[in-house]
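Structure at a glance
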Amino acid sequence: MATAADVAAIRATQRDLVTLALAELAQWWQEFTASLTGDVPVSQIETVTAELVERYGDAAAVAAADWYDELREAAGAPGRFRAVMADPAPPEQAAAVARWAADPLFAAEPDQDAALRHLAGGVQRLVLQPARETIANSVDRDPADARWARVPSGATTCAFCRLLASRGAVYHSEETAGGLANSYHSKCDCVPTPIWPGESEPYDVDALLEEYTAARAQAGGDLKAILAQMRKDLGIN
Ligand SMILES: [Zn+2]
C-alpha cells in the first residue's frame, strides 16, 4: 500500500526535477531579458519552454512509471501489468503557455518579473503533467481494478484540491470523464496515487470529507459556493 513516505518520496523527486527546470529557465531568462532591444521574440520563449517541458517532463514520467510499478508490486495486485508512460506535454501546449506568460512583457510598463513568475508556474505544471497522466492512464489500463486518489502534499492545500482529495481513491476514466479530477493548477503539489482493492488511502480522507460536508451544509450544492465557503472556513486559497 502507498504510504505517506511513498508519496513523500515521489514528491521529492518531482520537486527536484521542477527545481532544476526552473533554475535553467531563470538562467536563460536573465540572458534573454538582458539582450532585449525593441521587439520581444516570443518564439524564443516558446522554444525554450517546450524544450524544458519535454526534457524534464520525460524524466518525471519515467519516475512516475517506476513508482507505479513498485507500488503495484508491493500491493500484490493480481495480473501482469506495467505502468504506461505518458508523453511529455506537446510543444503546442508549451508554446501556448509561453505566449500567455509573456503577456506582461507587452504591457504599457513591461513587467519581466511577472512574466517569469507566470512562466515558472506553467513550466512546473507542464513538467508534472506527464507524471500525473502516467498514473491516471496506468490506473485505467491496470487489469487489477486500480483507482487513484489526489493525495495532498506540502504545507497547504487549496480548497479545490482538498475537495477532490476528500473523495478518496475513486478516480478512474469513467469517474473522471468530463470532470475536474484531471485539472491541476500551477504550483499544485498534489500527487495522484494509485490504490488497489483492499488498500486504504495514505492520508486522512475522513477529515477532508468533514470539511467538505460542513462547507456544503452552509453553502448549498453549487461547487463555486462550496469552494468559497471552504476558503472562508479554513482560511486558505
Ligand atoms: Zn493540489
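The text that follows walks through the structure, step by step, so that each part is easy to find. Per chain, residues are indexed from 1 in the order of the written sequence. In view of the model being predicted, local features appear only for residues whose pLDDT reaches at least 70, and side-chain atom pairs are presented and counted only at 80 or more, with totals across whole chains, interfaces and linings using the full set of residues. Only hydrogens and water are set aside; all other atoms, that is, all heavy atoms of the structure, feed into the side-chain values.

A word on the overall build of the protein. Working definition: helices are DSSP H or I runs of at least four residues, strands are E runs of at least two. Numbering for both runs from the N terminus. The helix and strand tally for the protein stands at eight helices and two strands. Counted from the first residue to the last, the protein has its helices and strands arranged as α-α-α-α-β-α-α-β-α-α. Put simply, the radius of gyration uses C-alpha atoms, and a globule should come to 2.2 Å times the residue count raised to 0.38. For 237 residues, the compact-globule estimate of 2.2 N^0.38 gives 18 Å, and the C-alpha radius of gyration of the protein, at 19 Å, lies within 12% of that figure. Over its C-alpha atoms, taken along the principal directions, the protein stretches across nearly 60 × 45 × 30 Å. Any two residues having at least one pair of non-hydrogen atoms within 4.5 Å are treated as being in contact. Put simply, of all contacts in the protein between residues at least 6 apart along the chain, 76% involve residues at least 24 apart. Total accessible area computed for the protein in this model is approximately 11,800 Å², and 50% of it derives from carbon and sulfur atoms. Only four residue types enter the charge count, namely Lys and Arg as positive and Asp and Glu as negative; His and the chain termini do not. In this description, the location of a charge corresponds to atom NZ of lysine, CZ of arginine, CG of aspartate or CD of glutamate. With 20 positive and 34 negative side-chain charges, the protein shows a separation of 4 Å between the mean positions of the two kinds. The Shrake-Rupley method, run with a 1.4 Å probe sphere, supplies the accessible areas, and residue values consider only the shown protein chains as cover.

Interaxial angle, 0 to 180 degrees, is taken between N-to-C directions of lines fitted to C-alpha atoms, where a helix line uses only the stretch in contact. For the pair helix H2 (residues 42-75) and helix H3 (residues 91-101), interaxial distance at closest approach is 8 Å and the crossing angle is 130°. One element, H2, and the other, H3, form an angle in the oblique class. Both H2 and H3 take part in a crossing whose hand is right-handed. Contacts between H2 and H3 pair Val-42, Ile-45, Glu-46, Thr-49, Ala-50 and Val-53 from the former with Pro-91, Ala-94, Ala-95, Ala-98 and Arg-99 from the latter. Residues are sorted three ways: Asp, Glu, Lys and Arg are charged, Ala, Val, Leu, Ile, Met, Phe, Trp, Tyr, Cys and Pro are nonpolar, and all the rest, Gly among them, are polar. Looking at side-chain class alone, the contact of H2 with H3 contains eight nonpolar, one polar and two charged residues. By definition in this entry, angles of less than 35 degrees are roughly parallel, angles greater than 145 are roughly antiparallel, angles of 65 to 115 are roughly perpendicular, and the rest are oblique. With the far helix as reference, a near helix turned anticlockwise by less than a right angle produces a left-handed crossing, and one turned clockwise produces a right-handed crossing.

Here we take up the nonpolar core. Counting residues in each nonpolar core, the largest one holds 75 residues, and the members touching the most others are Trp-29, Ile-45, Tyr-68, Trp-148 and Met-230. Sorting elements by how many residues they give to this core places H2 first, with 14 residues. Nine residue types can take part in a nonpolar core, namely buried Ala, Val, Leu, Ile, Met, Phe, Trp, Tyr and Cys, and a core is a set of them joined through side-chain atoms within 4.5 Å. The rule is simple: take the accessible area with a 1.4 Å probe, protein chains only, and divide by the maximum for that residue type; under 20% is buried, over 50% is exposed, in between is partly exposed.

Once that is clear, we can look at the packing of H3 against helix H4 (residues 112-141). Look at H3 against H4: their axes get within 8 Å of each other, and the N-to-C directions meet at 160°. Looking at the two axes, H3 sits roughly antiparallel to H4. For the pair H3 and H4, the crossing hand works out as right-handed. Contact with H3, carried on its side by Gln-93, Ala-94, Val-97, Ala-98, Trp-100 and Ala-101, involves Ala-115, His-118, Leu-119, Gly-122, Arg-125, Leu-126 and Gln-129 of H4 and no other residues of that element. Partitioning the contact of H3 with H4 into residue classes produces eight nonpolar, four polar and one charged.

Bringing the coordination of the zinc ion into the picture now. Here the term donor refers to an N, O or S atom within 2.8 Å of the metal (or 3.2 Å for Na, K and Ca), and because water is left out of the atoms, sites may appear incomplete. The coordination sphere of the zinc ion contains the protein donors Cys-161 (SG), Cys-188 (SG) and Cys-190 (SG), at a distance range of 2.2 to 2.3 Å. By relative accessible area, which is 1% here, Cys-161 ends up buried. Look at Cys-188 and you get buried, because its relative accessible area is 1%.

Take helix H7 (residues 205-219) next. In this model, H7 (15 residues) spans 21 Å end to end at C-alpha, consistent with the 21 Å of a helix rising 1.5 Å per residue. Taken residue by residue, H7 has Val-205, Leu-208, Glu-211, Tyr-212 and Ala-215 as its buried positions. Down the axis, H7 shows its buried residues gathered within 125° of arc, on one side only. The exposed residues of H7 that point more than 90 degrees off its buried face are Asp-206, Glu-210, Ala-217 and Gln-218. The inward-facing, buried residues of H7 abut helix H5 (159-165) and helix H8 (223-234). One less than the residue count of a helix, multiplied by 1.5 Å, gives the span that helix is expected to have. Working definition: the arc comes from the directions between the helix axis and the C-beta atoms, pointing outward to the latter.

So, about the packing of aromatic side chains. A pair of aromatic rings is counted whenever rings of Phe, Tyr or Trp (Trp by its six-membered ring) have centres within 6.5 Å, and the orientation is called stacked for planes under 30 degrees apart, edge-to-face for over 60 and tilted otherwise. Applying the stated criterion across every chain, the model contains six aromatic pairs. Taken together, a centroid distance of 6.2 Å and an interplanar angle of 70° make the contact between Tyr-68 and Phe-81 edge-to-face. With Tyr-68 in helix H2 and Phe-81 in the loop between H2 and H3, the pair connects residues that are 13 residues apart, well separated along the chain. The residues Tyr-68 and Phe-81 share a single accessibility class, namely buried. Two limits define a charge over a ring: the Lys NZ or Arg CZ must be within 6 Å of the ring centre, and within 35 degrees of the ring normal. When the ring centre of Tyr-184 is taken as origin, the NZ or CZ atom of Arg-132, which lies over that ring, is 4.1 Å away. Stacked on the ring of Tyr-184, the Lys or Arg Arg-150 has its end atom at 4.0 Å from the ring centre.

Side chains of residues three or four places apart in an α-helix project in the same direction, reflecting 3.6 residues per turn. Between its terminal C-alpha atoms H2 stretches 48 Å, which fits the 50 Å expected from 34 residues at 1.5 Å a residue. Positive phi appears at Gly-76, one or two residues downstream of H2, with a value of about 65°.

Our next topic: unusual backbone geometry. The backbone of Asp-145 shows a phi angle near 60°, a positive value even though the residue is not glycine. Summarising the element assignment, Asp-145 is placed in the loop between H4 and strand S1 (147-151).

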